[in-house]
Amino acid sequence: MKKTTTKLADGRELIYYDSREDVVRDAVDRRPLDPVTTASEIRHDRLLGDAVAVASHRQGRTHLPPADQCPLCPSREGRLSEVPDTDYEVVVFENRFPSLSGENGRCEVVCFTSDHQASFADLSEEQAALVLAAWTDRTVELARHPGVEQVFCFENRGEEIGVTLGHPHGQIYAYPFTTPRTGRMLDNLAAHHRATGENLFDEVVAGELADGRRVVLETDHWVAFVPYSAHWPYEVHLYPRRRVPDLPALGEEARAEFPGVYLELLRRFDRIFPDPAADTADPSAPGLERTLKTPYIAAWHQAPFGDWSARGVGREEYALHLELFTIRRTSGKLKFLAGSESGMNVFINDVPPEAAAGRLREVAEK
């Protein structure tokens, strides 16, 4: 992998990731941009003990532009974008409208491909491996930033999720604190270790494998399952078989196997909901797609950095895993967070986890 770092016209950092060492990246951002001004601050909720990022400057961010005005596509004559070069493989840059900035953290955009019409599921295994390399590299680099405590790599796909740019991309948030959800995991991990001397992550994975009903797929180095208490209609957790705390700690064999496993999961998500329009369409019509593009969130859970002395467990006890879920519960219907979920954080799932796992096995690529 070759990594090329440059600056955009307003001073933000941009990094190209290329699979070949002979690629030259020397394009210059020729846009007349003003310096980025942000108003991000972190406010702590005294009753709940969590944090809220207040970022009023994000009100003016780009919202669902037409494809010929996409800021994540490569630049071309007459239309300059966030990416100065005329093509790219994977590119990462500082968000112009960050939720976190300065001493309050950092937000980056990760463009998975220059092809505006593609999605992550359309990538080759080689392309997906390059994205994994970029996620890993950014985790290492962002962990070195002063004050950064947790690095979160994720992708939101679909307007139903709230995506404001249609180009295939994800984001990376570098938080100056441990996020509330991770904090709850760590509390339960420490409590379980005190009570039993065992690792809670290991027991959860072993329990799902022993039960088997919710396992979606298994390989030599990865296991994917719908969790026993899944919050979302279709939710899959993907774990490396050998516990590691973060992406940089992944072994080479697991790293090599990941692209095929992850692409298969994404493609299954796109096959679980049939497209009603396809049932009445001419099956011989060119380009007919018989599946809807499922909206989803894909989220890497990595161990926080910093001082672990007061946590009750060591950092190596945390288990890296990826959570993939959709808000679609059936064709044409979405799962909205209603009173119980939004008001009390008590989820109500309409799809039994065993049924969801069965459906995801059913749509496996033959």
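Predicted, not measured: the structure shown is a model, and the values here were computed from it.

Undergrad: Please clarify how the sheet that holds strand S6 (residues 106–111) should be interpreted in this entry.
TA: Each strand in a sheet pairs with another by means of backbone hydrogen bonds, the pair being arranged parallel or else antiparallel. Taken in spatial order, the eleven strands of this open sheet run S1-S2-S5-S6-S8-S7-S12-S13-S11-S10-S9, and their pairing is antiparallel. Sheet topology places strand S1 (2–7) and strand S9 (215–218) at the edges, where each strand pairs with a single neighbour. The mean inter-strand angle of the sheet, taken between neighbouring strand axes irrespective of direction, is 20°. Where strand S7 (residues 150–157) lies against strand S8 (residues 169–175), five bridges are found, and the strand directions are antiparallel. Directly across from Phe 154, in S8, lies its bridge partner Gln 171.

Undergrad: Honestly, the pattern of salt bridges in this entry has me stumped. Any pointers?
TA: Oppositely charged side chains may form a pair once their charged atoms are brought near each other. Under the counting rule described, the total for this entry stands at 34 salt bridges. Between Arg 31 and Glu 82 there is a salt bridge whose closest N-O contact spans 2.8 Å. Note that Arg 31 is positioned in the loop between strand S2 (13–18) and strand S3 (41–44) and Glu 82 in the loop between strand S4 (51–54) and strand S5 (90–94), a separation of 51 residues in sequence. For Arg 31, a relative accessible area of 15% translates into the label buried. Residue class for Glu 82 comes out buried when judged on its relative accessible area of 8%. Of the charged contacts in the structure, one is a salt bridge between Arg 213 and Asp 211, with a shortest N-O distance of 2.9 Å. Judged by its relative accessible area of 46%, Arg 213 is partly exposed.

Undergrad: Would you explain the packing of aromatic side chains in this entry?
TA: Each aromatic ring pair is summarised here by two numbers: the centre-to-centre distance and the angle between the ring planes. Enumeration over the complete set of coordinates arrives at 19 aromatic pairs. Both rings, one in Phe 152 and one in Tyr 175, keep their centres 6.4 Å apart while their planes meet at 25°; by these two values the pair is stacked. Here Tyr 175 lies in strand S8 and Phe 152 lies in strand S7, a separation of 23 residues in the sequence. Residue Phe 152 is classed as buried on the basis of its relative accessible area, which comes to 18%. These aromatic residues form a ring-pair network of at least three members: Phe 112, Phe 120, Trp 135, Trp 222, Phe 258, Tyr 262 and Trp 300. Between the NZ or CZ atom of Arg 311 and the centre of the ring of Trp 308, over which it lies, the distance is 5.0 Å. Between the NZ or CZ atom of Arg 328 and the centre of the ring of Phe 273, over which it lies, the distance is 5.8 Å.

Undergrad: Looking at this structure, I do not really get the packing of helix H2 (residues 180–196) against helix H3 (residues 200–211). What am I missing?
TA: The description of two helices packed together rests on the angle between their axes and the distance between the axes. Following both chains from N to C, one finds H2 and H3 inclined at 90°, their axes separated by 9 Å at the closest point. Classified by the interaxial angle, the pair formed by H2 and H3 is roughly perpendicular. Listed contacts from H3 to Met 185, Asn 188, Leu 189, His 192 and Thr 196 of H2 are Leu 200, Phe 201 and Glu 203. Of the residues assigned to the contact of H2 with H3, the class counts are four nonpolar, three polar and one charged.

Here is what the cut-offs are and how they apply
- Residues numbered from 1 in each chain as written.
- Predicted model: local features only at pLDDT ≥ 70, side-chain atom pairs only at ≥ 80, totals over all residues.
- Heavy atoms only, no water.
- Pairing = 2+ DSSP bridges.
- Helix = DSSP H or I, 4+ residues; strand = E, 2+ residues; numbered from the N terminus.
- Axes fitted to C-alpha atoms, helices over the stretch in contact; angles between N-to-C directions.
- Salt bridge = Lys/Arg side-chain N within 4 Å of Asp/Glu carboxyl O.
- Buried < 20%, exposed > 50% of the residue type's maximum accessible area, 1.4 Å probe, protein only.
- Phe/Tyr/Trp six-rings, centres within 6.5 Å; stacked < 30°, edge-to-face > 60°.
- Lys NZ or Arg CZ within 6 Å of the ring centre and 35° of its normal.
- Parallel < 35°, antiparallel > 145°, perpendicular 65-115°, else oblique.
- Contact = heavy atoms within 4.5 Å.
- Nonpolar A, V, L, I, M, F, W, Y, C, P; charged D, E, K, R; others polar.

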